[in-house]
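Spelled out from the first residue to the last, the chains are:
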Amino acid sequence: MTTAIDDVVGRETRHVLQTYRRQPITLVRGQGVRLWDSEGREYLDLLSGIGVAALGHAHAGLARAIADQAATLIHTSNLFYHPLQGQLAEQLAALSGLPRAFFCNSGAEAVEACLKFARRYWYTKKEPRAEFIALEESFHGRTFGALSVTSDEHYRTPFEPLLPTVTFVPVNDPAALAAAVSNRTAAIIAEPVQGEGGVRPLTPAFAAAISAACAKTGALFIADEVQSGLGRTGHPFYFQALGLKPHLVSVGKALGGGVPIGAALVSQDVADTLSFGDHGSTYGGNLLACRAALCVIHELVGGGLITQINRVGRHFEQTLKAVAAKHSFVKDVRGSGLMWGLELDRDAGPVVPAGLVQGVIVNRTADTVVRLLPPLVITEAEADEALGRLDAALGAVGAAA
Ligand SMILES: Cc1ncc(COP(=O)(O)O)c(C=O)c1O
């Protein structure tokens with residue numbers, strides 16, 4: 001395998017569709033919260049592949065489970081039973097309180113399934129409802145349905161017309177939500193913590209407005225927990241911290257620890273309105289993906305990782321706030337557990353390459369926000385080391401301005 005950066009970039013430029021703006025490093029190896037590039041440089045990972053590598057890199061238990069499953073049986077299709085889908089659905093039901101799961105392969109597919117199930121619910125009730133309410137600054141994925149409830153014009157405009165029946169309301173504006181929801185609303189969809197939108201948790205008052213609007217009109221509530229779910233915020237799901245009772249929940253990212261898998265979690269009410277053939281996926285919930293996800297859930301619950309995230313998350317928050325206080329261009333620090341955003345008074349883009357120079361991987365989102373989604377297994381000592389490097393990167397950006 002040739003990994004010299006020029007070969008990699010040259011080959012990709014010729015043959016890979018140029019839809020991603022990549023950082024100029026080639027990552028070849030990982031261990032825990034550390035990554036190494038093809039030049040042998042080490043980085044502390046405060047991004048975990050956008051919230052995916054929940055157990056860190058090259059986790060021994062996950063690697064063993066994947067290898068064992070690959071040597072046993074990877075895929076059967078959904079035309080047959082296999083032993084792992086039911087086990088995983090049962091674990092997710094215990095964690096979320098939603099009794100049923102539909103398995104797919106990505107976050108966008110999970111959202112897509114939730115939107116379809118919401119339409120199907122109203123169709124079965126013989127009271128078809130077409131409309132969805134979504135939030136400004138939302139991000140739900142790139143497929144047509146998920147894109148239709150994503151607010152960013154930059155992502156939407158080249159692909160219009162999208163679903164015409166979506167109304168966007170400002171985030172954390174209870175009055176605007178109440179005014180928009182009616183008895184034509186099939187569902188309200190929201191991320192309990194907006195991720196791509198700049199790490200913005202919903203406020204308790206807005207969560208209460210969602211519950212009230214659903215109670216008044218019968219509209220379903222879809223919680224998109226693709227980024228915020230599965231322990232990331234220190235709660236199994238952030239909707240629980242907000243006291244919300246979703247009818248549908250989309251999950252993805254961390255679920256397989258890096259093996260692609262997503263799921264729509266479904267209330268019994270909604271599940272009762274679905275029939276054979278309503279939805280499907282060739283790969284969805286195959287043995288390899290379910291085995292990886294069972295390993296992640298086992299670590300989260302049985303292995304005590306959620307408790308650890310709460311402890312390390314509090315330390316992370318304190319340390320991050322102390323770092324932020326040293327740089328006058330950091331305006332706000334938002335988040336929970338191990339999901340954090342630093343809002344700057346300027347473009348956050350230069351922080352990313354400055355981080356690479358210091359040996360830390362972070363991400364820019366919503367133009368002005370530095371987003372931090374470390375592996376869920378990060379320790380206090382690793383957090384100190386990584387945030388020390390981020391401090392140096394912020395210092396370099398401040399000095400260059
Ligand atoms: C909240 C949310 N929903 C959906 C998605 C789409 O997930 P995927 O990229 O796996 O399709 C994302 C991805 O960032 C997300 O953050």
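Below you will find a few notes about this structure.

Below, the discussion takes up the nonpolar core. L177, I210, L342 and L372 are the most contacted members of the largest nonpolar core, which has 98 residues in total. Take this core: its biggest share by element is 10 residues, from helix α12 (residues 287-300). Setting aside residues no more than four positions away along its own chain, L177 makes contact with I133, V169, I188, F206, A209, I210 and A213.

A surface patch of negative charge is lined by E136, E137, D152, E153, E160 and D367. Structurally, the position occupied by D152 is in the loop between α6 (144-148) and α7 (153-156).

So, about helix α9 (residues 204-217). For α9, with 14 residues, the first-to-last C-alpha span of 20 Å sits near the 20 Å given by 1.5 Å per residue. Buried residues of α9: F206, A207, A209, I210, A213, C214 and T217, and no others. Buried positions in α9, seen along its axis, are confined to an arc of 155° and lie on one side of it. Opposite the buried face of α9, by more than 90 degrees, sit the exposed residues P204, A215 and K216. As for α9, its buried residues are in contact with β5 (131-135), α8 (174-180), β7 (185-190) and β10 (220-224). Looking one or two residues beyond α9, the residue adopting positive phi is G218, at roughly 85°.

Take the sheet that holds β5 next. As summarised here, the arrangement of the seven strands in space is β4-β12-β11-β10-β7-β5-β6, forming an open sheet in which the pairing is mixed. For this open sheet the edge positions go to β4 (100-104) and β6 (166-169), each flanked by a neighbour on one side alone. With strand direction ignored, the average angle separating the axes of adjacent strands in the sheet is 20°. In terms of strand pairing, β5 meets β6 through four bridges, oriented parallel. When the sheet's bridge partners are listed, L135 is paired in β6 with V169. In the packing of helix α5 (residues 107-124) onto the sheet, the strands contacted are β4, β5, β7, β10, β11 (248-251) and β12 (262-266), and the crossing angle to β11 comes to about 165°.

It is worth spelling out the packing of helix α4 (residues 83-96) against α12 at this point. In the contact formed by α4 and α12, the axes pass within 9 Å of each other and the chain directions differ by 35°. Where α4 crosses over α12, the two elements pack in a sense that is left-handed. Residues P83, L84, Q85, Q87, L88, Q91, L92 and L95 of α4 lie in contact with α12, whose contacting residues are L287, C290, R291, A293, L294 and I297. Residue classes in the contact of α4 with α12 are distributed as 10 nonpolar, three polar and one charged.

Here we take up the pairing of β5. Across the five residues that make up β5, a large majority, four, are buried. Inspection of the sheet shows β5 paired to β7 by three bridges, in the parallel sense. The partner of E131 across the bridge, within β7, is T185.

To continue, consider the site of the ligand. Close to the ligand lie S106, G107, A108, F139, H140, G141, E191, E196, D224, V226, Q227 and K253, which account for all nearby residues. One of the backbone N or O atoms of G107 is found 2.9 Å from an oxygen atom in the ligand. Between K253 and the ligand, the recorded distance is 3.0 Å, taken from a side-chain N or O atom to an oxygen atom. Surface burial for the ligand is 81%, taken as the share of its 390 Å² of free accessible area covered by protein chains. Its residues assigned to classes, the shell around the ligand comprises three nonpolar, five polar and four charged.

Parameters at a glance
Along each chain, residues carry numbers from 1 onward, in the same order as the chain's sequence is written. Confidence filtering applies because this is a predicted model: local features only for residues at pLDDT of at least 70, side-chain atom pairs given and counted only at 80 or more, and all residues used for totals across whole chains, interfaces and linings. Values reported for side chains reflect all heavy atoms of the structure, with hydrogen atoms and water molecules removed beforehand. By nonpolar core we mean a set of buried residues, namely Ala, Val, Leu, Ile, Met, Phe, Trp, Tyr and Cys, connected to one another through side-chain atoms within 4.5 Å. Buried means the residue's accessible area, taken with a 1.4 Å probe over protein chains only, is under 20% of the maximum for its type, while exposed means over 50%, and partly exposed covers the values in between. Numbering of helices and strands starts at the N terminus; helices are DSSP runs of H or I of at least 4 residues and strands are runs of E of at least 2. Any two residues whose heavy atoms approach within 4.5 Å at even a single point are treated as in contact. Like charges within 9 Å and nonpolar side chains (Val, Leu, Ile, Met, Phe, Trp, Tyr) within 5 Å are joined into patches, using only residues over 30% in relative accessible area that form no salt bridge. Using a 1.4 Å probe, the Shrake-Rupley method yields the accessible areas, and only the shown protein chains count as cover for residues. Any Lys or Arg side-chain nitrogen found within 4 Å of a carboxyl oxygen on Asp or Glu counts as a salt bridge. Only four residue types enter the charge count, namely Lys and Arg as positive and Asp and Glu as negative; His and the chain termini do not. All charge positions are set by atom: Lys at NZ, Arg at CZ, Asp at CG, Glu at CD. Expected span of a helix, by definition, is 1.5 Å for each gap between consecutive residues, and there is one gap fewer than residues. For this quantity, the arc is that covered by the directions from the helix axis to the C-beta atoms. Any two strands with at least two DSSP-identified bridges between them are counted as paired. Each axis is a line fitted through C-alpha atoms, taken for helices only over the stretch in contact, and angles between the N-to-C directions span 0 to 180 degrees. Crossings are sorted by hand: turned counterclockwise from the far helix by less than a right angle, the near helix makes the crossing left-handed, and turned clockwise it makes it right-handed. Each residue receives one of three labels: charged for Asp, Glu, Lys and Arg, nonpolar for Ala, Val, Leu, Ile, Met, Phe, Trp, Tyr, Cys and Pro, and polar for the others, Gly being one of them. Working definition: residue near molecule or strand if any one of its non-hydrogen atoms lies within 4 Å of it. Identification of polar contacts relies on pairs of N or O atoms within 3.5 Å, with a donor-acceptor requirement for protein atoms, meaning one able to donate a hydrogen and the other able to accept it, and with residues adjacent in sequence counted only if both atoms are side-chain atoms.

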